[in-house]
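Structure at a glance
One-letter residues, chain by chain:
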Amino acid sequence: MDREKQKRIRRSKEKKEGNKKNKKIKAIMVIMAVIVMGIIGYIANDYIILDKNKNINLVINNRNVTLNLKKPIMIEKEEIYISKQDIGNFFDKYIYEEKQNNQIVTTYDSKIAELSLENNKIRINGTNKDTYAHAIKREDTIYIPIQEMQEIYGIEIEYKAEAKVVAIDSIAREQKKAIIAKDVAVKSSTRIIAKTIDRVKKGSYVIVISDENGYAKIRTESGKIGYVKSNKIANTVVVRESIEKEEQNKEKINLVWDYFSTYAKAPNRTGEKMEGVNVVSPAFFHLDSNGELQENVGDKGQAYIEWAHSNGYKVWPMVQNAGEGMLTVTSEIMNDYNKRQKLIEEIFAVCVKYKLDGINIDFENMKQEDKNLFSRFIIELTPRLKSIGLNVSVDVTAPDGSETWSLCFDRHVIGDVADYIVFMAYDQYGASSNKSGTTAGYDWVKVSLKKFLDTEEIKSEKIILAIPLYTRLWTENINGEIVKQSPVSIKSIEKVIPKDLGKKWDDNLRQYYVEYTEGSNIKKMWIEDEKSLKEKISLVTEYNLGGVASWAKDMETENFWSFLQKCLTLK
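Predicted, not measured: the structure shown is a model, and the values here were computed from it.

Regarding the overall build of the protein chain
- Looking only at helices and strands, the protein chain features 12 helices and 36 strands.
- The C-alpha atoms of the protein chain give a radius of gyration of 34 Å, which is well past the 25 Å a tight globule of 571 residues would have.
- Projected onto the principal axes, the alpha-carbon positions of the protein chain cover approximately 130 × 80 × 45 Å.
- Looking at the protein chain as a whole, 48% of its 571 residues qualify as buried.
- Partitioning the intrachain contacts of the protein chain with sequence separation of at least 6 by distance along the chain shows that 66% fall at a separation of at least 24.
- Within the structure as shown, the protein chain displays about 29,800 Å² of accessible surface, and the carbon and sulfur contribution to it stands at 48%.
- Each charge class in the protein chain can be summarised by its mean position, and for the 88 positive and 83 negative side chains these summaries are 14 Å apart.

Examining the side chain of Asp-395
- As for its position among the elements, Asp-395 is in strand β28 (residues 391–396).
- Here Asp-395 is buried and forms no salt bridge, its nearest opposite-charge partner Arg-411 lying at an N-O distance of 12 Å.
- With residues near it in sequence (within four places) discarded, Asp-395 still touches Trp-257, Asn-360, Ile-361, Asp-362, Phe-363, Phe-409, Val-422 and Met-424.

Points about the packing of helix α5 (residues 326–334) against helix α6 (residues 337–353)
- At a minimum axis distance of 6 Å, the contact between α5 and α6 shows a crossing angle of 100°. Overall, the two elements α5 and α6 adopt an arrangement that is roughly perpendicular. Residue-level contacts link Glu-332, Ile-333 and Met-334 of α5 to Lys-339, Arg-340 and Leu-343 of α6.
- A per-class count over the contact of α5 with α6 returns 3 nonpolar, no polar and 3 charged.

A few points about the confidence of the model for the protein chain
- Scored by pLDDT, the protein chain has a mean of 93; 90% of the residues are at 70 or more.
- Every residue in residues 37–51 scores below 50 in pLDDT, and together they form 16 contacts with partners more than four places removed in sequence or on other chains.

A look at the packing of aromatic side chains
- Applying the stated criterion to the full structure yields 22 aromatic pairs.
- Between Phe-260 and Phe-284, the aromatic rings sit 6.2 Å apart at their centres with planes inclined by 65°, giving edge-to-face as the arrangement. Of this pair, Phe-260 sits in the loop between β21 (253–258) and β22 (279–282) while Phe-284 sits in the loop between β22 and β23 (285–287), and the two are 24 residues apart along the sequence. Of the two residues examined, Phe-260 and Phe-284, each falls in the buried class.
- On the basis of an interplanar angle of 50° and a centroid distance of 5.8 Å, the ring pair of Phe-560 and Phe-563 is categorised as tilted. Taken together, the positions of Phe-560 and Phe-563, both in helix α12 (residues 560–569) and 3 residues apart, correspond to about one turn of that helix. Of the two residues examined, Phe-560 and Phe-563, each falls in the buried class.

Overview of the nonpolar core
- Counting 106 residues, the largest nonpolar core has Phe-285, Ile-347, Ile-361, Phe-363, Phe-374 and Phe-377 as its most contacted members.
- Membership of the second largest hydrophobic core comes to 28 residues, among which are Leu-115, Leu-117, Ile-142 and Tyr-153.

As for the sheet that holds strand β31 (residues 470–476)
- In space, the 5 strands of this open sheet follow the order β32-β31-β35-β34-β33, with antiparallel pairing throughout. Strand pairing shows two members of the sheet lacking a second neighbour, β32 (482–489) and β33 (504–506), which therefore form its edges. Shown here is a sheet whose adjacent strand axes are inclined to one another by a mean of 25°, direction ignored.
- Both strand β34 (residues 511–518) and strand β35 (residues 521–526) contribute to a ladder of 6 bridges, which runs antiparallel. Note on β35: the bridge partner recorded for Tyr-513 is Trp-526.

Some details on the environment of Ser-393
- In this fold, Ser-393 is placed in strand β28.
- The class of Ser-393 is buried, set by a relative accessible area of 0%.
- Separated by 143 residues in the primary sequence, Ser-393 and Lys-250 have C-alpha atoms spaced 16 Å apart.
- Sequence-distant contacts of Ser-393, defined by excluding residues within four places in its chain, comprise Trp-316, Ile-359, Asn-360, Ile-361, Tyr-420 and Val-422.
- A distance of 3.0 Å separates a polar atom in the side chain of Ser-393 from a polar atom in the side chain of Asn-360.

Describing the side chain of Ser-375
- With respect to the helices, strands and loops of the structure, Ser-375 is situated in helix α7 (residues 371–386).
- Once you skip the residues sitting within four places of it in the chain, Ser-375 turns out to touch Asp-410, Val-413 and Ile-414.

Conventions used here
Residues numbered from 1 in each chain as written. Predicted model: local features only at pLDDT ≥ 70, side-chain atom pairs only at ≥ 80, totals over all residues. Heavy atoms only, no water. Helix = DSSP H or I, 4+ residues; strand = E, 2+ residues; numbered from the N terminus. Rg over C-alpha atoms; globule rule 2.2 N^0.38 Å. Buried < 20%, exposed > 50% of the residue type's maximum accessible area, 1.4 Å probe, protein only. Contact = heavy atoms within 4.5 Å. Areas by Shrake-Rupley, 256 points an atom, 1.4 Å probe, with all protein chains shown as cover. Lys, Arg positive; Asp, Glu negative; His and termini not counted. Charge placed at Lys NZ, Arg CZ, Asp CG, Glu CD. Salt bridge = Lys/Arg side-chain N within 4 Å of Asp/Glu carboxyl O. Axes fitted to C-alpha atoms, helices over the stretch in contact; angles between N-to-C directions. Parallel < 35°, antiparallel > 145°, perpendicular 65-115°, else oblique. Nonpolar A, V, L, I, M, F, W, Y, C, P; charged D, E, K, R; others polar. pLDDT = per-residue confidence, 0-100. Phe/Tyr/Trp six-rings, centres within 6.5 Å; stacked < 30°, edge-to-face > 60°. Core = buried A, V, L, I, M, F, W, Y, C linked by side-chain atoms within 4.5 Å. Pairing = 2+ DSSP bridges. Polar contact = N/O pair within 3.5 Å; in protein donor to acceptor, adjacent residues only side chain to side chain.

This is the structure:
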């Protein structure tokens, strides 16, 4: 083959390969053009769609939560309605329909409100007010007029009708505003290619959510949230300062119950000092057989309060339901909303009357089926007392045991709502036990405490660990049957058991055990002393609990309070 022919063949091949290459390049360019046009179209379409929302968007504290709504927002006669389910999700998880009076009951921080389903009325912390709207039902869904709830939830509301955006802001949160320096497109993100979600003209005001890395996250006047470059905003000012809640108790609680029955007068504590104690809980209040709140204060009780305050002790009196027939009486109150509210108002009144600092709810022996209703009582009581700056503490037993002693408490709800939940970590083997045993073994206390933390999911700083300043002396016959048992205060133990009696240490219970014969019977005691109590008190530090409580005053040894204070300060 001559050279010319070879050249022609080579040129032909190169031409074909060049054509193929050009076709590939053109194809790639077409694809890229389609992608770019698609992006541009997507941006443009998205901008149009956002200006023509089918459903109303909800923005809470500068976060668009529309996708989390259970039901669409309704607008009727210029009133904005949000479903009860969504109110529960965003504001009050304990909101409920109270059918006895055909109303909605909602609690938030220091307010309890009753909103009618029939007429334009609302009751806030015991005071009636007229409203422009009431709760309504639509196809088995309850809707709440959110503008009527601004005082309760501490919010302010704006409705941007053209953009179909409802913006809700907490008045306790900081808010910053700025001026747009020049016309700008607000983008959905800080990426190079991002959707335009709004256009803002020079001189417009915007809310500044954040400003970092050269971009400001803003909320426009139409309620839309997006990004602009930081140099597009000017004159950022704080228009509302954040309101920080003042911590009521900055130190661990060291409480002692001062029990003197429901009829005995308060003791004269003049001249007494309890080192490290910062709360006393005297037996001032109890329910009678008719469910009425009875006082046991009088002149001596008022003198007791003056003594406590003069020594720097806060006063959280007990409210008890102890006594015969109280299972039924308590159940009747819990099952009747009006009776619950009557009791709450009575507790509120005595707290104001005696200038108390808190209250200690000590309801025991309740029906298991009333568990949720007792929780409702605490849910409704707590904001009422918070409104005057009082603490609410609730006593509960270990999360196991009988229906009326243990299963009657929803510890998770109580621990969530009340300021403190008090774990009465004693009577592991109590007066009704058919077997002798320890009052409070360390292993049992720790396992129970971990249930509070892990299973019930209660914040550790809200748990007060209550310890016993007593034990029990058990008497068994030759067949191992219990003849009797007697409570013995820790200050009297050495007087009750024989001197020079050999004590055996139990590593699991972390306390001493003694056993001896008396006639034909066997005496047994699991001793509570400084060594055993120190082991239990150590759990307060180990789990960062809210504090300790002691049952009860006058059972302690001479130097117990200084001992307890040292235990709480040990790291």
